[in-house]
Amino acid sequence: RWQIAVFDHKKSRYIKRIVGLPGEKIATQGGELYVDGELYQKSLKEFDGLSTIVFDSRFQPHDSSYSLLRRFGVRGDDQGWIYTLDNVFAFDTSEKTHPQWLDYFHWNVIAGFVPPVERGSPAAIMDYLPYNQYISRAELNFVDDFVIDLSLRIYKPGVVGVRLLDVDVEIDFLNLVKRTNQGDWSSASTKLPQIAWSEKGTDVKIRLGRVDQQLIFETETSSSTDSIQPLALTGDYDQDVEVRLNPLSISADEGSLDITHLKVARDIYWLGADYTAARWESDPIAGENSYLLIGDNQPVSRDCRQWGQRIPKEAMIGLIID
């Protein structure tokens, strides 16, 4: 699964991704993939092969009208966060008071057609692909599954919080525990490995994301996975956008640290044969050597969803490898 194959079909040659294996029944609904009736839950490694980067703090626009700073905000009178001449967000406060939040606001990068919005205007993370910007689509879909790569340089350990939409994760670097909650649900504290702190600063890399109704947490020395609930759609477009404009927030309480890098990547959003989020099902993949292949460019790819048939192994010319 997930290998990219080159194959012949009806006198044409295609490049698509293997999604369904022999004997499996594949379905999509609401952007999710189901295999034999079960939600397919990807690992972070699988996510990386299918995701699309939507923000990376290492790359900033030349046009000052779209400055990176316009995409972040500090709440109220929280003065612990500053943006330094080294182009990093820094937090420094000697006393524990309350979590001070740095909010990330998502932007529509290029003017779209459905719905029509101006470049640089606030937006939710959607299944938008830049190379489709001039292709008319019936609708864009909210993508609530995303992963952040957060690089910290910690000079004095404190408590760091991360909020992904409606899920809160608290990372206590003083007591080396992680806590997670979503609404009325909370997980037990998870012990983190010991960290050798340096007065010159200790680099800590965190991967944290919502993926297929899982909250995945990973550092260089530990990992954990918790089940979470998807963020529901109300059906009111404006209201659904509003709760998604600030998909990510980072807090700190006591201590001293820099955010040296922040990257956000969204999950692939699966569409059916009619290019919508409505439920679509394939027939079971018959034959020992027949596969279901779908293109990564979900909104426009023509593949096994539309053809209504599988690709036999003998039609494959080869596999694309890194």
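Before reading further, recall that the structure is shown in the block above.
Residues numbered from 1 in each chain as written. Predicted model: local features only at pLDDT ≥ 70, side-chain atom pairs only at ≥ 80, totals over all residues. Heavy atoms only, no water.

Moving on to the overall build of the chain. A count of helical and extended segments in the chain gives 3 helices and 27 strands. Taken over C-alpha atoms, the radius of gyration comes to 22 Å for the chain, in line with the 20 Å a tight globule of 322 residues would show. Pairs at least 24 residues apart make up 64% of the contacts formed inside the chain by residues separated by at least 6 positions. Total accessible area on the chain is roughly 16,400 Å²; 50% of this is exposed by carbon and sulfur atoms. Side chains of the chain carry 34 positive and 48 negative charges; the gap between the two charge centres is 6 Å. (Helix = DSSP H or I, 4+ residues; strand = E, 2+ residues; numbered from the N terminus. Rg over C-alpha atoms; globule rule 2.2 N^0.38 Å. Contact = heavy atoms within 4.5 Å. Areas by Shrake-Rupley, 256 points an atom, 1.4 Å probe, with all protein chains shown as cover. Lys, Arg positive; Asp, Glu negative; His and termini not counted. Charge placed at Lys NZ, Arg CZ, Asp CG, Glu CD.)

On to the sheet that holds strand 2 (residues 12-20), then. Taking strand neighbours across the sheet as the criterion, the 5 strands line up as 26-25-2-1-27 in an open arrangement whose pairing is antiparallel. Two strands lie at the open edges of the sheet, namely strand 26 (311-312) and strand 27 (316-320), each paired on one side alone. Strand direction decides the pairing type here: strand 2 and strand 25 (residues 290-294), joined by 3 bridges, are antiparallel. Its bridge partner lying in strand 25, Arg17 is registered against Ile294. (Pairing = 2+ DSSP bridges.)

With that settled, the discussion passes to the sheet that holds strand 4 (residues 32-35). Within the open sheet, the 4 strands sit side by side as 5-4-3-24. Their pairing is antiparallel. Edge positions in the sheet fall to strand 5 (38-39) and strand 24 (280-281), since each has one partner strand and no second. When strand 3 (residues 26-29) meets strand 24, the two strands line up antiparallel, connected through 2 bridges. Considered in strand 24, the bridge of Thr28 is made with Trp280.

It is worth spelling out the packing of aromatic side chains at this point. The full count for this structure, using the stated rule, is 14 aromatic pairs. On the basis of an interplanar angle of 85° and a centroid distance of 5.6 Å, the ring pair of Trp2 and Tyr40 is categorised as edge-to-face. Residue Trp2 is located in the segment before strand 1 (4-9), and its partner Tyr40 is located in the loop between strand 5 and helix 1 (44-50); the two are separated by 38 residues in the primary sequence. We note that Trp2, like Tyr40, is buried. Cation over ring: Arg279 sits above Tyr34, and NZ or CZ is 5.6 Å from the ring centre. (Phe/Tyr/Trp six-rings, centres within 6.5 Å; stacked < 30°, edge-to-face > 60°. Buried < 20%, exposed > 50% of the residue type's maximum accessible area, 1.4 Å probe, protein only. Lys NZ or Arg CZ within 6 Å of the ring centre and 35° of its normal.)

To continue, consider the nonpolar core. Side chains that are nonpolar tend, in soluble globular proteins, to be buried together. With 42 residues, the main nonpolar core has Ile148 and Ile259 as its most contacted residues. In terms of residue count, the dominant contributor to this core is strand 13 (residues 146-156) (5 residues). Counting residues in hydrophobic clusters, the runner-up holds 22 residues, among them Val19, Ile26, Cys304 and Ala315. (Core = buried A, V, L, I, M, F, W, Y, C linked by side-chain atoms within 4.5 Å.)

With that settled, the discussion passes to the pairing of strand 9 (residues 89-93). The element strand 9 is extensively covered by neighbouring structure, given that 4 of its 5 residues are classed as buried. The pairing of strand 8 (residues 81-83) with strand 9 spans 3 bridges and is classified as antiparallel. Across the sheet, residue Trp81 finds its bridge partner in strand 9, namely Phe91. With antiparallel pairing between neighbouring strands as the criterion, strand 8 and strand 9 make up a hairpin whose turn holds 5 residues, including Asn87 at a positive phi of roughly 65°.

Our next topic: unusual backbone geometry. The phi torsion at Asn87 lies on the positive side, around 65°, for a residue other than glycine. Relative to the helices and strands, Asn87 is located in the loop between strand 8 and strand 9. Although it is not a glycine, Glu254 sits at a positive phi angle of roughly 75°. Within the secondary structure, Glu254 sits in the loop between strand 22 (248-253) and strand 23 (255-266).

All right, on to the side chain of Ser224 then. Counting through the fold element by element, Ser224 comes out in strand 21 (residues 223-227). On the basis of relative accessible area, Ser224 is assigned to the buried category, the value being 16%. A polar side-chain atom of Ser224 sits 3.3 Å from a polar atom in the side chain of Lys178. Ignoring sequence-local partners within four residues, the contact set of Ser224 consists of Lys178, Leu215, Ile216 and Phe217. (Polar contact = N/O pair within 3.5 Å; in protein donor to acceptor, adjacent residues only side chain to side chain.)

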